[in-house]
Amino acid sequence: MALLEVDNLKIQAMKDDGTPVPIVKGVSFEIKAGEVVALIGESGSGKTTISLASLAYTKPGLEFSGGEVRLHGEDLLTMDPLKQRDMRGQRVAYLAQSAAATFNPAITIGEQVTESAVLHGILSQEEATKRAEELYVALELPDPDRLGGRYPHQVSGGQLQRLMAAMALVGKPDLLVLDEPTTALDVTTQIEVLKAFKKVIREQGSAAIYVTHDLAVVAQVADHIVVLYSGEVQEQGPVDQIINHPTHDYTRRLMAAVRPTPTAGMGDDTEHGHGRSEAAIAARGITAGYGGIVDGEPAVTILRDINVEVERGDVVGVIGESGCGKSTLARVMAGLLPSARGEIVLGGKTLAPALKDRDRDELRKVQFVFQMADTALNPRQYIGDILGRPVEFYLGLTGQEKRKRVAELLDMVELPIAFAERFPMELSGGQKQRINLARALAGNPEVLLCDEVTSALDSIVGANVIKLLTALRNKTGVSFVFISHDLSTVGSFADKIVVLYAGRVVEQGPTDQVLSPPYHPYTRLLITSVPELRIGWLEDTMQTREAAAGIARGVEITAVGCPFFNRCPIAIPGTCQLEVPPVRLHGDGHQIACHHTLDEVEESEAGPQQILHGYEKPIMDDDAAKKP
Amino acid sequence: MSDTSANTEETGAAEKEVDTIDKFAELPDAPPKKGIKLSWVGKVSVAIVAAWVVVAFIGPWIAPFHEAEFIVDDSYVPSGGCPEMLEELFDLDEWTPDAITQYCTESDTILFLGSDYLGRDTFSRIIWGARTTIGISFVATLFAYFVGITLGIGAAVSGGWIDMVLSRFNESILSLPSIMLGLIAVAALGSTIPILIITAALIYATSVFRIARALGQDIMVQDFVEAAHARGEGLWWIITREVLPNAAMPLLTDFGLRLVFVILFISSLSFLGLGVQPPMADWGSMVRENMQGLGYGSYASIWPAVAIGTLTISINLIVDDISAKSGGSLAKKMV
């Protein structure tokens, strides 16, 4: 008999006037002991709602309207509330999406991990602590003996995510519900977490529901896949069948939206016929950060000596892990954060570092597109007013002319003109992002600074936004600085790529050259960390020396040496951590900052996949641990 | 209303078009925003508050008597009593319901809610008092809002030492008990109506300041405000177009609550004898004046208390209803 059977489950919401709106429309699937079932679909597909139903829980405003959820043959939905409470956290455990939001910053990790098991009376405090320590070892967390005494802010995001798994597993649940546990993580951290989850689920023998929208991740961890759209099962079957022989249209569309592995030649080859003489915008020797500036050094330095040029009509992709300073670079260009040293040059003219000292025409030419369209659009203004204001402000158009331009802008981002009379709240995430873009385009800018504009969107919607950006670039000839942590998105769209690490440019050049050898060791790590839509990819990747050396190490922003030193498989001890690496040129504008010559780098890449030099640094981020 | 329905039809058609292009079109994040629908409790509360507001406006024309007019010679005449009854019966014990029916059904000067301690008509005084109590409180709250929002949003937007000075000053006033502060101000400056209004306004401006500043700070860090900054907008635009519209809903909800506090504050001052001065009728002072009547079984001090209760509780219920419908996060900021 299956461990959990979801049988014709129906969940509905109630409108104000009392008419029910179905959210989940008769979903059935089952989970056998020790099996991982993935619920996959985009936002609004009901995947989280269904996964919560396995705890007999619905979000406020929703109610069960039919069907059964049976755990060991016993219906959870009609169970006595007291028994439901016992079941939750004991027999079924839930892992929320954001570990950072789940942990209480004021209580030690050990106490939080063991709390539920002790509270339910399954284990005594000593037994629970012992079991937690076993789990830390199983999850490959560093320093398992003392980890329990630390506070959440003293460990990294990936470690916190794994600690959440420990929290769920302490009470030896029969079923684990994981809600998008790796979605918010960088690719390198994602690998580390996926690997730990997979191992611990296998060792502990518990079954799991894995909720995600990312098919490539599912291919690594799931045994069985349920594809959902709009509260209905579109297709379900073993992972091999769904990944390799999808039969349903929607599954195929999800597959098509999976990011390809970044390789040379993936970008579009259109020649834009721009003269490669003048840069549209350039950053020269930029050092920037937060806090008071003393002698050109900010209190906290985020960017150090950045040189980047964006040619007219070009798309320059800026990539790196979170915290590398890529958004800060765009903010410095826009003048939102004045730089401590260096200058921003727009069409041959040096711009004032601070926004308030730039004139209106300079402001018009450089436009910033914010990451989250949800917060970047004023919820109390009509779309027509949101787009109309920059038209009026920069172009001086009013009345009929303004309305005409607004209609033009809506048309440009492929939205109906009637949207002008809507509020942002009445639009979907992708539509809001289009409005966000249209606002930036309103004043005919020369440079668009796009900060992670597709990161918060579902894969299909994000792919459509990229298509739109490509069309806009061809139509308007505007230059883009496209910031993303997602190498494959950047690779498919950018003419030039800038790789940032800990506030410094480690590699930059034309897309094809950056995505082909020789690579900077960090670029190589990023490329190998992008999940592939292939069963067994995770195991293969973990064999490589990049993964062994570079994953799950703390990032340090340093003034001396190469910041990548402690994660680099080919680091030269004694040199790399002390001296700033020289910038080596390779062909047309391709620069790599490394102490190795490019031949040495290329040779090491071709060579045997092993760690040439084992730099033994404790995985725990020491700096973080020292914080009060 | 017909305009909006036409619009939704139009956009509905446009959406259908999008649907046919894209079979798996994305769903909007939130359903289209509808007007706030009140529960039946909310509707009853609105009716009560509206009735009191109407009374405050037309009170002097509908009240049977003037607020300062002595109708009968005896104090604490029971509800429904009349001068004719008093001519025959002199003793309190004789004013029974039977006696009232006997003497007063024909009378043309019936005291619906009886008389107060000076023999004035309680019913008329409550109607007159509505104007004083609601009027003073409303003007004082408006004034408190003007001062509180201007300084609060100003502090949030400018930050730095301006924010520092204003906030610390505000906190020092906030730390003093409001009734004490009011007593001192009125005792020193005299209890005229303008002084009462200004005192109440300044005392309650401190809490408005805190809410406005907190809301302002929340909104100032939103991306759309930064977008306006990046566009090159001036401070005035940012405050009036970006910050205030987003603070309006929580501030409006709070206005109701604040009004209640001011009504209670003015009533408390009057109750202590330092508020509205006789012979003007005011609900708070009416409660105090007629307290002794409770000993004689008179309801003369209960009726104005009921008036205060119905008004303040109704406003509270409306506020609860609105903030429950417009999302809990707003309600939390109210406290």
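Scoring rules and cut-offs
Residues numbered from 1 in each chain as written. Chains lettered and ligands numbered in written order. Predicted model: local features only at pLDDT ≥ 70, side-chain atom pairs only at ≥ 80, totals over all residues. Helix = DSSP H or I, 4+ residues; strand = E, 2+ residues; numbered from the N terminus. Buried ≥ 20, exposed ≤ 12 C-beta atoms within 10 Å, placed from the backbone. Pairing = 2+ DSSP bridges. Axes fitted to C-alpha atoms, helices over the stretch in contact; angles between N-to-C directions. Contact = placed C-beta atoms within 7 Å. pLDDT = per-residue confidence, 0-100.

**Quick look at the overall build of chain B**
For chain B, the count of helices and strands is 13 helices and 0 strands. Counting across all 335 residues of chain B, residues that qualify as buried make up 39%.

**Concerning the sheet that holds strand S19 (residues 496–501) of chain A**
The strands that make up a sheet pair up through hydrogen bonds in the backbone, lying either parallel or antiparallel. Residue and element names in this part refer to chain A. Taken in spatial order, the 8 strands line up as S16-S17-S18-S13-S19-S20-S22-S21 in an open sheet, and their pairing is mixed. Edge positions in the sheet fall to strand S16 (366–369) and strand S21 (583–586), since each of these pairs with one other strand and no more. Averaged over neighbouring strand pairs, the angle between their axes works out to 20° when direction is ignored. Pairing between strand S17 (residues 447–451) and strand S18 (residues 479–484): 5 bridges, direction parallel. Within S18, the residue paired with Cys450 across the bridge is Phe482. Those strands touched by helix H21 (residues 521–529) are strand S13 (315–319), S19 and strand S20 (504–510), and its axis lies near 100° from that of S19.

**Observations regarding the confidence of the model for chain B**
All names here are of chain B. On average, residues of chain B score 81 in pLDDT, and 86% of them are at 70 or above. Long-range and interchain partners of residues 1–23, a stretch whose pLDDT sits below 50, account for 8 contacts in this model, where long-range means more than four residues apart. Confidence drops under a pLDDT of 50 for residues 328–335, and excluding neighbours within four residues, the segment shows 14 contacts in the predicted structure.

**Some thoughts on the pairing of strand S11 (residues 279–294) of chain A**
Residue and element names in this part refer to chain A. Looking at chain direction, S11 and strand S12 (residues 297–311) are connected through 10 bridges and run antiparallel. Note on S12: the bridge partner recorded for Ile281 is Val310. Where S11 folds back on S12, the antiparallel hairpin that results is connected by 2 residues, among which Asp295 adopts a positive phi of roughly 50°. Of the strand pairs in this sheet, S11 and strand S14 (residues 341–346) are connected by 5 bridges, and their pairing is antiparallel. Directly across from Arg284, in S14, lies its bridge partner Glu343.

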